[in-house]
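Spelled out from the first residue to the last, the chains are:
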2 protein chains.
Amino acid sequence: MIRSHEAGTLRREHAGQRVTLAGWVARRRDHGGVTFIDLRDASGTAQVVFREEDTAHDLRSEYCVKITGEVRIRPEGNENPELPTGEIEVAATEIEVLSESAPLPFPIEGDVNVNEEVRLKYRYLDLRREAVGRDIRIRSQGAYIVNEVMREHGFVNVETPTLTRSTPEGARDFLVPARLRPGHWYALPQSPQLFKQLLMVGGVERYFQIARCYRDEDFRADRQPEFTQIDIEMSFAEQSDVLAVAEDLVRRLWRDIAGHEIGEIPHIAYADAMARYGSDKPDLRFGLELTEMTEYFANTSFRVFQAPYVGAVVMPGGAAQTRKELDGWQDWAKQRGARGLAYVLVQEDGTLGGPVAKNLSDEEKSGLAAEVGAAPGDAIFFGAGKPHATRELLGAARLEIGRRKGLIDEDAWAFCWVVDAPVFEPVEDDKGEQIGWTSVHHPFTAPKPEHADRLVSDPGSVLANAYDIVCNGNEIGGGSIRIHQAEMQQKVFDVLGLSKQEAESKFGFLLEAFKFGPPPHGGIAFGWDRMAMLLAGESSIRDVIAFPKAASGYDPLTAAPTVITPEQRAEAGIDVVPEDDEDETEAGAESAGA
Amino acid sequence: MIRSHEAGTLRREHAGQRVTLAGWVARRRDHGGVTFIDLRDASGTAQVVFREEDTAHDLRSEYCVKITGEVRIRPEGNENPELPTGEIEVAATEIEVLSESAPLPFPIEGDVNVNEEVRLKYRYLDLRREAVGRDIRIRSQGAYIVNEVMREHGFVNVETPTLTRSTPEGARDFLVPARLRPGHWYALPQSPQLFKQLLMVGGVERYFQIARCYRDEDFRADRQPEFTQIDIEMSFAEQSDVLAVAEDLVRRLWRDIAGHEIGEIPHIAYADAMARYGSDKPDLRFGLELTEMTEYFANTSFRVFQAPYVGAVVMPGGAAQTRKELDGWQDWAKQRGARGLAYVLVQEDGTLGGPVAKNLSDEEKSGLAAEVGAAPGDAIFFGAGKPHATRELLGAARLEIGRRKGLIDEDAWAFCWVVDAPVFEPVEDDKGEQIGWTSVHHPFTAPKPEHADRLVSDPGSVLANAYDIVCNGNEIGGGSIRIHQAEMQQKVFDVLGLSKQEAESKFGFLLEAFKFGPPPHGGIAFGWDRMAMLLAGESSIRDVIAFPKAASGYDPLTAAPTVITPEQRAEAGIDVVPEDDEDETEAGAESAGA
């Protein structure tokens, strides 16, 4: 190495040693003919002192330099107790500029409020900033821990293909033209789901991969076209076995990185999570549970509450809101597709205010505050309508109340498993009429054996051995025990309205594989970007991605995607459209050996 | 888990225990009303005995079963010392068929000679075969070791983008249409080269990644469109620092997986490797070095040897070859683009035979055998022509001789570093006239500082701080110290004849980054598929890839690539060709902030 020491490692005990450092000029101060420089490298910073005036005169911010000098104890009174190297300084005798720096588009040191596109365009400078560099290192530490834990548990680290066939997760695939088979296209995988199930058929028994996945969605604020998944699958395992491995992984990550020992992780049934928190990923850092009021208003004359479901959530101190704030909630609800958010204000004297109160009978009013646990000064928000959508609205209101009223302990970690999700959920048309079923997880999720006989007669009631792990209201992972028998798989496809031909075309090869003694199996996948974000204490996954893309998948750094040349088009066979008789269905059937 | 023990772990000390196993029916034998089954799982096999006739009567090969029974010591004389579980058997009392198996396309047990396309189509069955499963597990073990070593050395594990901009490695890119910017395309990376250099500019200092890479080449027998690279880059490092990390990685892999302690790894200069072995990746498991004969034949009257380079390689015992065998060498040479392979046979009496001998003077003949180290009975092969191509021909002949004469110890491991490669090599036209220069490694390779002043005046003489690591004649990794200064980079582009505009368009963002205090840096990348292949003792990388593709990038398992629908074409914006004024060069310039 061209240096003898890392700057951030120098301490009192190095005093008297001659050292060579290399790094960047973080700060420069000139004082009485003496130049002080904070020299920064990956380990931290050290103060370097140039006593001969001319040596350092042309050093500017972010020059990359190599300096040699003697470590000295700082003169009394000049120590910096906030810096690990604050007791020493290096008296420079030699300096070499390794490379100069042009003026910076934004400062590296200190907090800066820079437009994100500029930060991404100069991401290599952004990475020099302390917080950004730290986030990338936390993610790295996490990846090492993941490898360590999975190795201890005997998992086989297998790389699955990324130039493959469309996977059935339902989102749009990214496509890649295959030059050597003009008119044919690979798809980038949305997950290694099919391959990991094939590995189970192949007897691998314990599979693990940190897998890059791709989803061509309309990228919302915190979505990236490529993302990373910790992908796990086990044979001969029951739900509790998968959960044990997953919990060990999560515990180790939080212990080693966040310094937090996770206690027992509660299991909440999906139905309970929806009923109590209006969410399938409840934030358990605070209470404020929903109260179901359907019974309470069973005989109400208030038309709005004559609904299949009525629920309420309390806003502590919410009665003190201004008219404008209360109107704001109506807009908030409308943005979520609801008609509004009915509310009742519990006055300090216990009487009920707000427009809804007028529509309630005296009996309904008298017991209301007690029923929902509201105290004088609180507001009660109501939702009424179809159970699922209404609970989701109240769940969102609960979160919003938690945020506005500061009920969420930002230093807390609250984990839970949401279990026993339904296998199917209804598909509705524009008018809200059910027109079919779709998978809550994915079409390979096994129904609970004791529910299997209702699969056709009452699909909506069939629960799955499926599980999501939730941290502070974020779903960080999810999985299920899979179907491992072709007949059961076919039944599920039937409920989903997937024709034999469609099923065959999409994953005929999996059905074919299931003819050859597939083992019972199940697994889980963690969203690694989001986990790393939480571990780093950040609020955007872009903070833990070295080179994230901006909106619409544009990369301000490389300007990708770009136009291509006519030669590239021709060579890749992009404009070739194969003959009609060579359609996808047949190719699929061929692949499945049918 | 639905089993209590793994089959392959049962031993004498389990006798008397009631166990539940789950796995596959590997072999079945019926004998005197008793059924014996070899039950296989990932841990190995155990013999299961069914004494009640009807219990096991419908079990067939590769049924997936769960059995419960008592572990018993096998009756005397029935032990199988070749099996770790050979002292015991499990007397089954319960059996559950977890899933049945259709008749197999090829047997799982024993050696089978199956067409590779069939094996790949049913790869999940192929993976159940012992050797294939073992290879996948060796690769996994290797990946864990790589993570462990890089973590110990303080490297930051960083994931770089795979939906990115064309990289400059020179091979064809795989392209991905960007739906949200119709007419624009991402490229899949040929390596993370530019991103890892940007990470160095970003102060990461030690970067590591097991990176998926993509190259759209005409896939030769042992090439895959996607492949995996262990990618490493270090700042403030000199060549010896990179080599030390790389060697530690290689040593640990070979020690822990192959049980081999690698001794000191010799350094061979590129020029020496070419001169002595006719290869930049010499197989050092055997000697048989080339002898340069240019001086020896400096005044020859034999026209063929009046060449800028004449070299020879000896084939021990080669004089005994038949006329047909000797003619075969001529065809062999012609397949390599040479006109033939001149030879002289050293007869048992020391006289020289073969057609070339007639053309040599007595003086030339008399010293010849001694000069090349040939003994009576040997053949001497000659090459004459341009040095590089002729040495390569003789190097290939050396390898072929080694193979044919059994000179290669298949159990040996011979490593070397090939160092001091030239920065540039000539580009020749069809007639062999030099028309320019190209990079031996890639355009970011730094010239040795002491050669930098010859960069323009004599590019061919400029050597690089570049290094390849070679194992048994396979290049398993390579890297270099990089250029870290924009001016030097520009000079190299000039020699390569890359216009400012081209350079700007291809990697303007790297040149831009180099304006902001880039550190000196260097790195290495290992071809992980090939390394895993060597560690597994296999001869094809397909053996260590879970789901490899067949020729032309076709996947017999999923039938990828497939045709796509007109809707997919339209949605992905595949047929959109942007306006003229929005060409790639401008996009590049824009990205570089120029």
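All values derive from a computational prediction rather than experimental measurement. Residue indices follow the written sequence of each chain, beginning from 1 at its first position. Whichever chain is written first is A, and whichever ligand is written first is 1; the rest continue in order. Local features in a predicted model are, by the rule used here, given only for residues with pLDDT of at least 70; side-chain atom pairs are given and counted only at 80 or more, and totals for whole chains, interfaces and linings are based on all residues. Values reported for side chains reflect all heavy atoms of the structure, with hydrogen atoms and water molecules removed beforehand.

## Some points on the confidence of the model for chain A
All names here are of chain A.
Then step 1. On a scale of 0 to 100, pLDDT captures the predictor's confidence in every residue. Counting all residues, the mean pLDDT for chain A is 92, and 96% of those residues have values of 70 or more.
Then step 2. Here residues 581-594 is modelled with pLDDT under 50, and outside its nearest four sequence neighbours on either side it reaches 31 contacts, counting other chains as well.
Then step 3. Our summary of model confidence lists the complex with pTM equal to 0.94 and ipTM equal to 0.94. In this description, contact between two residues means that some pair of their heavy atoms is separated by no more than 4.5 Å.

## Let's talk about the interface of chain A and chain B
In many reports, interface size means the accessible area that the parts give up when they come together.
Then step 1. Of the residues lining the interface, 131 residues belong to chain A; the matching set on chain B comes to 131 residues.
Then step 2. The largest contributions to the chain A side of the interface with chain B come from Tyr144, Phe236 and Phe516 of chain A, which together make up 8% of the buried area.
Then step 3. For salt bridges, the criterion is a side-chain nitrogen of Lys or Arg within 4 Å of an Asp or Glu carboxyl oxygen. Remark: the boundary between chain A and chain B carries 12 salt bridges.
Then step 4. For the salt bridge of glutamate 159 of chain B with arginine 139 of chain A, the shortest nitrogen-to-oxygen distance reads 2.9 Å.
Then step 5. Any pair of nitrogen or oxygen atoms within 3.5 Å is treated as a polar contact; in protein, a donor-acceptor pairing is required on top of that, and neighbouring residues in sequence qualify only through side-chain atoms on both sides. There are 67 residue pairs in polar contact (both at pLDDT 80 or more) connecting chain A and chain B.
Then step 6. By the criteria applied, helices consist of DSSP H or I runs no shorter than four residues and strands consist of E runs no shorter than two, each listed in order from the N terminus. Ranked by the residues each element gives to the side of chain A that touches chain B, the list is headed by helix α3 (residues 130-152) of chain A, at 11 residues.
Then step 7. When the residues that make up the side of chain A that touches chain B are grouped by side-chain class, the tally is 70 nonpolar, 27 polar and 34 charged. Buried area is a sum: the accessible area each of two parts loses on coming together, probed at 1.4 Å, counted once for each and added. Each residue gets one of three labels, nonpolar for Ala, Val, Leu, Ile, Met, Phe, Trp, Tyr, Cys and Pro, charged for Asp, Glu, Lys and Arg, and polar for the others, Gly among them.

## Section: the pattern of salt bridges
Then step 1. Enumeration over the complete set of coordinates arrives at 95 salt bridges over all chains.
Then step 2. A salt bridge links aspartate 216 of chain B to arginine 179 of chain A, with the nearest nitrogen and oxygen atoms 3.1 Å apart. Of this pair, aspartate 216 of chain B sits in the loop between β9 (206-214) and β10 (226-235) while arginine 179 of chain A sits in the loop between β7 (175-177) and β8 (185-187), placing the two residues on different chains.
Then step 3. Summary of the burial criterion: residues with accessible area below 20% of their type's maximum are buried, those above 50% are exposed, and those between are partly exposed, where the area comes from a 1.4 Å probe applied to protein chains only. Residue arginine 179 of chain A is classed as buried on the basis of its relative accessible area of 12%.
Then step 4. Arginine 119 of chain B is the salt-bridge partner of aspartate 126 of chain B, the closest N and O atoms lying 3.0 Å from each other.
Then step 5. Taking relative accessible area as the criterion, arginine 119 of chain B reaches 18% and is therefore assigned buried.

## Let's talk about the sheet that holds β10 of chain B
Where strands meet in a sheet, backbone hydrogen bonds hold them as pairs that are either parallel or antiparallel.
All names here are of chain B.
Then step 1. One open sheet holds the eight strands; their spatial order is β6-β9-β10-β22-β21-β20-β17-β11, and the pairing between them is mixed. Unpaired on one side and paired on the other, β6 (156-157) and β11 (267-269) mark the two borders of the sheet.
Then step 2. Pairing between strands is defined by DSSP: at least two bridges between the two strands are required. In this sheet, strand β22 (residues 521-527) lies alongside β10 in antiparallel orientation, the contact comprising seven bridges. Paired with glutamate 233 across the two strands is glycine 523, which belongs to β22.
Then step 3. Helix axes use the C-alpha atoms of the stretch in contact, all axes being lines fitted to C-alpha atoms, and the angles between their N-to-C directions lie in the range 0 to 180 degrees. This element, helix α3 (residues 130-152), spans β6, β9 and β10 of the sheet and lies at about 150° to β9.

## Quick word on the side chain of arginine 398 of chain B
Residue and element names in this part refer to chain B.
Then step 1. Assignment of secondary structure puts arginine 398 in helix α9 (residues 387-404).
Then step 2. In this tally Asp and Glu are treated as negative and Lys and Arg as positive; neither His nor the chain ends contributes. No salt bridge forms around the buried arginine 398; measuring N to O, its nearest opposite-charge neighbour aspartate 283 is 5.9 Å away.
Then step 3. At 2.7 Å, the side chain of arginine 398 forms a polar contact with the backbone oxygen of aspartate 283.

## Quick word on the sheet that holds strand β15 (residues 352-353) of chain B
Residue and element names in this part refer to chain B.
Then step 1. Strand order in the open sheet formed by five strands is β12-β13-β16-β14-β15, and the pairing between neighbours is antiparallel. The open sheet terminates on both sides in strands that have one partner only, identified here as β12 (291-292) and β15.
Then step 2. One ladder, built from two bridges, connects β12 with strand β13 (residues 309-315); its direction is antiparallel. Opposite threonine 291, over in β13, you have alanine 312 as the bridge partner.
Then step 3. On top of the sheet, helix α8 (residues 362-372) reaches β12, β13, β14 (342-346), β15 and β16 (379-385); it is set at about 95° to β16, its chief contact.

## Considering unusual backbone geometry
Then step 1. Here the amide bond leading from alanine 560 of chain A into proline 561 of chain A is cis, since omega sits at -5°, within 30 degrees of zero.
Then step 2. Here proline 561 of chain A lies in the loop between α12 (528-535) and α13 (566-572).
Then step 3. A positive phi is found at glutamate 62 of chain A, a non-glycine position, where the angle reads about 70°.
Then step 4. As for its position among the elements, glutamate 62 of chain A is in the loop between β3 (44-50) and β4 (64-73).
Then step 5. Notably, glutamate 205 of chain B is not glycine yet its phi reads approximately 70°, a positive angle.
Then step 6. You can see glutamate 205 of chain B is positioned in the loop between α4 (193-201) and β9.

## Remarks on helix α10 (residues 486-495) of chain B
Residues and elements named next belong to chain B.
Then step 1. Inspection of α10 places Gln489, Gln490, Val492, Phe493 and Val495 among the buried residues, and these make up the whole buried set.
Then step 2. Considering only its buried residues, α10 is in contact with β18 (424-428), β19 (434-439) and α11 (500-513).
Then step 3. A positive backbone phi angle near 70° is found at glycine 497, which sits one or two residues after α10.

## With respect to the packing of helix α5 (residues 239-258) of chain B against helix α12 (residues 528-535) of chain B
Residues and elements named next belong to chain B.
Then step 1. Packing of α5 against α12 leaves a shortest axis separation of 10 Å and a crossing angle of 35°. The element α5 and its partner α12 pack so that their crossing is right-handed. Residues Val250, Leu253, Trp254, Ile257 and Ala258 of α5 touch α12, and the partners they reach there are Trp528, Met531, Leu534 and Leu535.
Then step 2. Looking at the contact of α5 with α12 residue by residue, the classes come out as nine nonpolar, no polar and no charged. A crossing counts as left-handed when the near helix is turned anticlockwise from the far one by less than a right angle, and as right-handed when that turn is clockwise.

## Thoughts on the pairing of β16 of chain B
Residues and elements named next belong to chain B.
Then step 1. Along β16, six of the seven residues are buried, which leaves the element largely enclosed by surrounding structure.
Then step 2. Direction of pairing for β13 relative to β16: antiparallel, over a ladder of seven bridges. Looking at the pairing, valine 314 lines up with isoleucine 380 of β16.
Then step 3. In the sheet, β14 pairs with β16 via four bridges, with the strands oriented antiparallel. Directly across from valine 344, in β16, lies its bridge partner isoleucine 380.

## As for the UniProt feature "binding site: ATP" (unreviewed entry) in chain A
Residue and element names in this part refer to chain A.
Then step 1. UniProt positions are given in the numbering used here, feature names are shortened, and annotations may be inferred rather than shown by experiment. Per the UniProt record, "binding site: ATP" (unreviewed entry) is found at Arg215, Asp216, Glu217, Gln224, Glu475, Gly527, Trp528, Asp529 and Arg530.
Then step 2. In this fold, glutamate 475 is placed in strand β21 (residues 474-481).
Then step 3. When neighbours within four sequence positions are excluded, glutamate 475 is seen to be in contact with Lys281, Asp468, Ile469, Val470 and Arg530.
Then step 4. With respect to the element layout, aspartate 529 can be found in helix α12.
Then step 5. In this view, aspartate 529 contacts Arg139, Phe227, Thr228, Ile541, Val544 and Ile545; residues no more than four positions away in its chain are not counted.
Then step 6. At a separation of 2.8 Å, a polar atom in the side chain of aspartate 529 contacts the main-chain amide nitrogen of threonine 228.

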